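# Architecture and fold: a report
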Amino acid sequence: MAVCIAVIAKENYPLYIRSVPTQNELKFHYTVHTSLDVVEEKISAVGKSLGDQRELYLGLLYPTEDYKVYGYVTNSKVKFVIVVDSSNTSLRDNEIRSMFRKLHNSFTDVMCNPFHNPGDQIQSKAFDGIVSGMMVQTG
């Protein structure tokens, strides 16, 4: 499962970042922000080609020694980044896709809340619960 999940706004500032274990939080912030360059590169490559414009899943952005970083972009250019432990070889591409789909659905629910201002940090307990279910359980 995921060790870090991030939601990044269209203007590239974090709306939500959660990581497990919490002592590596700064490392995950760095990993997420470095992945944004790859996300922008992939978005511009898709824009130039006449491929399927509805494909939101960007796939593996880049692997590091310890982690694999996956990306997803909504139609409104909000980016989701999931960091997975490289030692987890049993996680397949379709499972990552379903995690992003679930995350996107939960994000849509947050945005549909009339008391949430778009652009503010996400502080929904329901969204937090979905993310917690996707995170690696330590302990």
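Scope of this entry: the structure provided in the associated data block.

Conventions adopted
- Residues numbered from 1 in each chain as written.
- Predicted model: local features only at pLDDT ≥ 70, side-chain atom pairs only at ≥ 80, totals over all residues.
- Heavy atoms only, no water.
- 1 Å grid on protein atoms, 1.4 Å probe; cavity = no way out; pocket = protein on both sides within 12 Å on 5 of 7 lines; lining within 4 Å.
- Points joined across faces, edges and corners; volume = space filled by probe spheres on them.
- Helix = DSSP H or I, 4+ residues; strand = E, 2+ residues; numbered from the N terminus.
- Nonpolar A, V, L, I, M, F, W, Y, C, P; charged D, E, K, R; others polar.
- Core = buried A, V, L, I, M, F, W, Y, C linked by side-chain atoms within 4.5 Å.
- Buried < 20%, exposed > 50% of the residue type's maximum accessible area, 1.4 Å probe, protein only.
- Arc of directions from axis to C-beta.
- Contact = heavy atoms within 4.5 Å.
- Polar contact = N/O pair within 3.5 Å; in protein donor to acceptor, adjacent residues only side chain to side chain.
- Phe/Tyr/Trp six-rings, centres within 6.5 Å; stacked < 30°, edge-to-face > 60°.
- Pairing = 2+ DSSP bridges.

### Structural notes on the layout of surface pockets
Approximately 170 Å³ is the volume found for the second largest pocket. Every element with two or more residues in the lining of the second largest pocket is listed here: α2 (93-111) and α3 (125-134). The class makeup of the residues in the lining of the second largest pocket is four nonpolar, six polar and two charged.

### Details of the nonpolar core
Counting residues in hydrophobic clusters, the biggest one holds 27 residues, and the most contacted among them are V7 and F127. At the level of secondary structure, the elements contributing two or more residues to this core comprise β1 (2-8), β2 (14-19), β4 (67-73), β5 (79-85), α2 and α3. V38, Y67, V73 and V83 belong to the second largest nonpolar core, which has 18 residues in total.

### Quick notes on α3
For α3, the complete set of buried residues consists of F127, V131 and M134. Considered in projection along α3, the buried side chains sweep an arc of 55° and stay on one side of the axis. Along α3, exposed side chains directed more than 90 degrees from the buried face belong to K125, A126 and G133. As for α3, its buried residues are in contact with β1, β2 and α2. The N-cap residue of α3 is S124: its side-chain oxygen and the backbone nitrogen of A126 are 3.3 Å apart.

### What to know about the packing of aromatic side chains
If you walk through the whole model with that rule in mind, you get six aromatic pairs. A centroid spacing of 4.9 Å and a plane angle of 90° characterise the contact between Y16 and F127, whose relative ring orientation is edge-to-face. Note that Y16 is positioned in strand β2 and F127 in helix α3, a separation of 111 residues in sequence. Among the residues examined, Y16 registers a relative accessible area of 7% and is labelled buried. Aromatic rings pair up to connect Y57, Y72, F80, F100 and F107 into one cluster.

### Side note on unusual backbone geometry
Each neighbour pair has its own omega, and for V20 with P21 the value is -5°, a cis peptide bond. Position of P21 among the secondary structure elements: in the loop between β2 and α1 (25-48). A positive phi is found at N12, a non-glycine position, where the angle reads about 70°. Among the secondary structure elements, N12 is positioned in the loop between β1 and β2. Judged by its relative accessible area of 31%, N12 falls in the partly exposed class. Even without being a glycine, K77 presents a positive backbone phi close to 70°. Of note, K77 is situated in the loop between β4 and β5.

### A few points about the pairing of strand β3 (residues 57-63)
Counting buried positions along β3 gives five out of seven residues, so the element sits mostly inside the fold. As paired strands, β3 and β4 are joined by five bridges and run antiparallel to one another. Across the sheet, Y57 pairs through a bridge with Y72, a residue of β4. What sits between β3 and β4 in their antiparallel hairpin is a turn of three residues.

Geometric descriptors of this kind do not, in isolation, establish any biological role.
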